[in-house]
Each structure stands twice: as structure tokens, then as C-alpha cells.
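Breakdown of the fold
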Amino acid sequence: MGGKSIVNAAIVDESGPVTLIGCGSVKGSVLRRAIVQAPVVVAADGAAQVALDHGIMPDAVIGDFDSIPEAAQDSIPQARLYRIAEQDSTDFEKCLRNIRAPLVIGVGFGGGRVDHQLAAFHGLMRHADRPCLLLGKRDLVFIVPPAFHLSLPQGSRFSLFPLGEVRARSRGLRWPLDGIAFAPGSRIGTSNAVSGPVKIEVNAPAMLAILPARTLEAVIAGLTADDAGRWPCVPSS
């Protein structure tokens, strides 16, 4: 396998959002929408072929290179191929920890195998210090930062799902989050709805927000606002 061998290096460093392509189901319309917002494109390992199939030359390909076809490697300049040999993390995680940007928009990390999608959610939580949202045809998903606010039309779906124990406070949701101990297998917050300008504060990087894909631009504005909260690096277990 070709490409540079990289260990714990910052590969992509951008002042604007970055699109990250995965190997799941990738709709052309969804990918184009992401690239409008985040024109720098990174492919996770075998998703290099996905990018090429959509007529896109990725700016970087990051992964352990166990799934990238040789033909794709031959089509992409060697200087854009970054091989990370370790097997203790997914290609999605390898990408997240090697992209420095105000936001990563992930496309192709849902809609396929459930275990892959769960692994992506795990990656969002494990690398919550790297703001990232996963965009699909119908939904977008992200880890709620310490403090987050945005404006959406009243009645918009605003679902919350805990990946661990987490407490929250909220304004602008039909059912407030205050005083609730959220945890998987105990209390979740799906099918909430917007009642006004939304503000949420959470005490741990463990709450997934699941919103309609049509809210992409508003969510990007909220996640990249100057006063948006940021999680410190979450130590790997």
C-alpha cells in the first residue's frame, strides 16, 4: 500500500469547515450540500473511491488503507495519501483527530450498517473536542457542546439521545431538559420540539442532538459561533 505513514500528526489544518466522506451511503445531493459549506474534502480510507465516483478529487485521504482500492490510490497524488497503521481506532476517528478545523461535516457515516453508524456516534463522543456533525438525507447528528444556541422554526423536531450520563438545561424546547438525569437505558429525549430560540447547556460530551437535515445552515452557525462552547480533549479509555 502506498501513501505517507503518519503517527499523531495534524494532517489537515483549515480555517473553514471541512467535508469528510465515509464509505456509507452517499447521496450526491447531500455531498454537494456539504461541499458548498465545506469545500475542502477529506476521504476516510476506502471513501477515496466514493469521492472519485462523485467526480471529486479529495484533498487528503486518511486511514489504515485496508479498504482503499489500488486503482483509487493510483488516481490520487501520493502527497495526498496518509496511512495510519494502528488498528485501535476506526478510520473516522483517525480522520477526526488529524483534522484541525472549526467544523467537520461528515457524509457517508449513516444509512448503511448499524454497527458502523454506532461506531461513528462513539467517535463523535470520543473526539468531542473536534466539532463534527454527520449529515444524511433526512437527519443530521452531532454532540451537543457545553453551551449551544440557535434559531429554528417553531415545531421543528429536536431529538436528544444520551450516550452516557449527562444533565442539561434548556430554553426554547417544548419539554425542558432541566433537572433530568439522562442516560442510555434510563431516560432519553427523543421527539422534543422547538418552541422558541433554543439554548442548551450540558455537563458532559455525551448528548447526541438529532435534527432534520434541512437545519444544516442554522446548526453550522450555532456550532461555529464565537461564543459556542468547546469540549476539551476527551481522554481515550
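Thresholds, definitions, all that
- Residue indices follow the written sequence of each chain, beginning from 1 at its first position.
- Reporting in this predicted model follows two pLDDT cut-offs: at least 70 for local features of residues, and 80 or more for side-chain atom pairs to be given and counted; totals over whole chains, interfaces and linings ignore these cut-offs and use all residues.
- Only heavy atoms go into the side-chain values, all of them from the structure, while hydrogens and water stay out.
- Helix numbering and strand numbering both begin at the N terminus, where a helix is a DSSP run of H or I of at least 4 residues and a strand a DSSP run of E of at least 2.
- It is over C-alpha atoms that the radius of gyration is taken, and the globule rule equals 2.2 Å times the number of residues to the power 0.38.
- When checking whether two residues touch, look at their non-hydrogen atoms; a contact exists if any pair is within 4.5 Å.
- Lys and Arg are tallied as positive, Asp and Glu as negative. Neither His nor the chain termini are counted.
- Taken as the charge centre is NZ of Lys, CZ of Arg, CG of Asp or CD of Glu, depending on the residue.
- Whether a residue is buried, partly exposed or exposed follows from its accessible area with a 1.4 Å probe, protein chains only, as a fraction of its type maximum: under 20%, in between, or over 50%, in that order.
- Should DSSP find at least two bridges between two strands, the strands are regarded as paired.
- Method remark: on a 1 Å grid restricted to protein atoms, a set of points is classed as a cavity if a 1.4 Å probe fits but cannot get out and as a pocket if it is open with protein on both sides within 12 Å along at least five of seven lines; lining residues have an atom within 4 Å of a point.
- Grid points are joined across faces, edges and corners, and a volume is the space filled by probe spheres set on the points.
- Residue polarity is assigned by list, with Asp, Glu, Lys and Arg as charged and Ala, Val, Leu, Ile, Met, Phe, Trp, Tyr, Cys and Pro as nonpolar; anything else, Gly included, falls into the polar class.
- Any Phe, Tyr or Trp ring, taking Trp's six-membered ring, that has another such ring centre within 6.5 Å forms a pair; planes under 30 degrees apart are called stacked, those over 60 apart edge-to-face, and the others tilted.
- Definition used for salt bridges: Asp or Glu carboxyl oxygen within 4 Å of a side-chain nitrogen of Lys or Arg.
- Joining through side-chain atoms within 4.5 Å is the link that ties buried Ala, Val, Leu, Ile, Met, Phe, Trp, Tyr and Cys residues into a set, and such a set is a nonpolar core.

1. Some details on the overall build of the protein chain
Counting its regular elements, the protein chain contains six helices and 16 strands. Over its C-alpha atoms the protein chain spans a radius of gyration of 18 Å, differing by no more than 12% from the 18 Å that the globule rule assigns to 237 residues. Seen along its three principal axes, the alpha-carbon backbone of the protein chain occupies a region of about 55 × 35 × 35 Å. Here the analysis covers contacts within the protein chain between residues at least 6 apart in sequence; of these, 66% occur between residues at least 24 apart. Side chains of the protein chain give 23 positive and 22 negative charges; the mean places of these two sets differ by 8 Å.

2. Considering the pairing of strand β11 (residues 147–150)
Residues F148 and L150 of β11 are buried on one face, while the alternating residues A147 and H149, pointing to the opposite face, are not. Relative to strand β15 (residues 189–202), β11 runs antiparallel, the two being bridged by four bridges. Bridge pairing links F148 to I200 in β15.

3. With respect to the layout of surface pockets
Computed from the structure, the largest pocket encloses a volume of approximately 430 Å³. In terms of lining residues, the largest pocket is bounded by 21 residues, among which C23, G24, D91, F109 and H116 are the most central. Within the residue set of the lining of the largest pocket, elements represented by two or more residues are α4 (91–97) and α5 (114–126). In terms of residue count, the dominant contributor to the lining of the largest pocket is α5 (five residues). Across the lining of the largest pocket, the residue classes tally to six nonpolar, ten polar and five charged. Of the volumes computed, that of the second largest pocket is approximately 350 Å³. Elements represented by at least two residues in the lining of the second largest pocket include exactly β8 (104–107), α5, β9 (132–135) and β10 (139–143). For the lining of the second largest pocket, the class distribution of residues is ten nonpolar, seven polar and four charged.

4. Topic: the packing of aromatic side chains
How two aromatic rings sit relative to each other is set out by the distance from centre to centre and by the angle between their planes. Per the stated rule, a full pass over the model turns up two aromatic pairs. With a centroid separation of 4.7 Å and an interplanar angle of 50°, the aromatic rings of F92 and F109 are classed as tilted. Residue F92 is located in helix α4, and its partner F109 is located in the loop between β8 and α5; the two are separated by 17 residues in the primary sequence. Taking relative accessible area as the criterion, F92 reaches 5% and is therefore assigned buried. On the basis of relative accessible area, F109 is assigned to the buried category, the value being 14%.

5. Here we look at the pattern of salt bridges
This model, assessed by the stated rule, comprises ten salt bridges. Residue D13 is joined to R100 by a salt bridge in which the shortest nitrogen-to-oxygen separation is 3.2 Å. One end of the pair, D13, is in strand β2 (residues 12–13); the other, R100, is in strand β7 (residues 99–100), and 87 residues separate them in sequence. Where E201 meets R169, a salt bridge forms, and the shortest distance between an N and an O atom there is 2.4 Å. In this pair, E201 sits in strand β15 while R169 sits in strand β13 (residues 166–173), placing the two residues 32 residues apart along the sequence. Ionic contacts of the salt-bridge type, sharing partners, join the residues E86, K94 and R97 into one network.

6. A few points about the nonpolar core
Ranked by internal contacts, the top residues of the largest apolar core, which has 80 residues, are L133, L135 and F158. The element contributing the most residues to this core is strand β4 (residues 40–44), with five residues.

7. Here's the deal with unusual backbone geometry
It is generally the case that most residues other than glycine have a negative phi and that most peptide bonds are trans. Positive phi, close to 65°, is recorded for F65, a residue that is not glycine. The class for F65 is buried, based on a relative accessible area of 1%. Despite not being glycine, S191 shows a phi value in the positive range, around 60°. Mapped onto the elements of the fold, S191 is located in strand β15.

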